[in-house]
Amino acid sequence: AAKPPHQLGEFVAFDVADFERQLPEHTLPADPIVTDGGLDEARQAGTLLVEANEALDAGNATRALELADKAESLNPGFYRNAMLKGRALSALDRTKEAASSFREALDRHPAFRAERDEIESWLKETEASP
């Protein structure tokens with residue numbers, strides 16, 4: 001059984017015939033992200049993405065872009081960073097850069113089909129812009 005947080009903690013093996021009997025020789029250590037600060041940085045990046053979406057909804061695309069860049073520095077390679085950056089760039093009429101960010105978001109393998117479809121739609125709109 002994996003221990004918290006998010007099943008990233010130590011994986012404790014046990015005997016399926018006797019759930020009370022642990023098997024320490026088969027126990028696996030926690031994911032390094034738990035101890036190296038990566039999980040905290042990913043959480044901070046998530047908070048920044050929420051703030052960036054709020055800034056974008058409030059019409060402050062410049063602030064949203066700044067926050068998306070900060071999120072990328074904390075949690076590099078996450079598709080939502082690039083997706084939000086593309087939306088902010090699009091709002092700033094920087095269409096070529098926005099299209100590049102949307103392509104990057106797609107290359108980073110969005111977790112949900114609905115998000116992939118949304119990014120593809122934004123990319124088409126951006127590429128259709130003069």
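No experiment lies behind these values; they were computed from the predicted model shown.

(A) Looking closely at the overall build of the protein. From N to C terminus, the protein includes 6 helices and 2 strands. Secondary structure elements of the protein occur, N-terminal to C-terminal, as β-β-α-α-α-α-α-α. Expected size for 130 residues packed as a compact globule is a radius of gyration near 14 Å; at 20 Å, the protein overshoots this value by more than 25%. Expressed along its principal axes, the backbone C-alpha trace of the protein runs to roughly 65 × 25 × 20 Å. In the protein, which comprises 130 residues, the share counted as buried stands at 32%. Across the protein, every contact between residues at least 6 apart in sequence was considered, and the portion connecting residues at least 24 apart equals 45%. Surface summary for the protein: the accessible area is close to 8200 Å², and the carbon and sulfur share equals 52%. The average position of the 15 basic charges and that of the 25 acidic charges among the side chains of the protein differ by 5 Å.

(B) Expanded view of the pattern of salt bridges. Across all of its chains, the model carries 10 salt bridges by this definition. Across the salt bridge formed by E72 and R108, the nearest N and O atoms sit 2.9 Å from each other. Note that E72 is positioned in helix α3 (residues 61-74) and R108 in the loop between α5 (95-107) and α6 (113-128), a separation of 36 residues in sequence. According to the relative accessible area criterion, R108 is buried, its value standing at 18%. We note a salt bridge from E104 to R108, for which the minimum N-O separation is 2.4 Å. Connected through shared salt-bridge partners, E72, E104 and R108 make up one network.

(C) Summary view of the packing of α3 against helix α4 (residues 79-91). The geometry of α3 relative to α4 is characterised by a closest axis approach of 9 Å and an angle of 160 degrees between their N-to-C directions. Compared by their axis directions, α3 and α4 come out roughly antiparallel. Here α3 and α4 pass one another in a crossing that is left-handed. Residues A61, A64, L65, A68, D69, A71 and E72 of α3 pack against N81, L84, K85, A88, L89 and A91 of α4.

(D) Just the nonpolar core, in detail. L56, A64, L84, F102 and I119 are the most contacted members of the largest nonpolar core, which has 26 residues in total. For this core, the elements supplying multiple residues, two or more each, are α2 (38-57), α3, α4, α5 and α6. Filtering out sequence-adjacent residues up to four positions away, F102 remains in contact with M83, G86, R87, I119, W122, L123 and T126.

(E) Spatial organisation of the side chain of S101. Topologically, S101 is positioned in helix α5. In this structure, S101 is in contact with A82, K85, G86 and L89, ignoring residues within four places of it in sequence.

About the criteria used
Residues numbered from 1 in each chain as written. Predicted model: local features only at pLDDT ≥ 70, side-chain atom pairs only at ≥ 80, totals over all residues. Heavy atoms only, no water. Helix = DSSP H or I, 4+ residues; strand = E, 2+ residues; numbered from the N terminus. Rg over C-alpha atoms; globule rule 2.2 N^0.38 Å. Buried < 20%, exposed > 50% of the residue type's maximum accessible area, 1.4 Å probe, protein only. Contact = heavy atoms within 4.5 Å. Areas by Shrake-Rupley, 256 points an atom, 1.4 Å probe, with all protein chains shown as cover. Lys, Arg positive; Asp, Glu negative; His and termini not counted. Charge placed at Lys NZ, Arg CZ, Asp CG, Glu CD. Salt bridge = Lys/Arg side-chain N within 4 Å of Asp/Glu carboxyl O. Axes fitted to C-alpha atoms, helices over the stretch in contact; angles between N-to-C directions. Parallel < 35°, antiparallel > 145°, perpendicular 65-115°, else oblique. Left-handed = near helix turned anticlockwise from the far one by under 90°. Core = buried A, V, L, I, M, F, W, Y, C linked by side-chain atoms within 4.5 Å.

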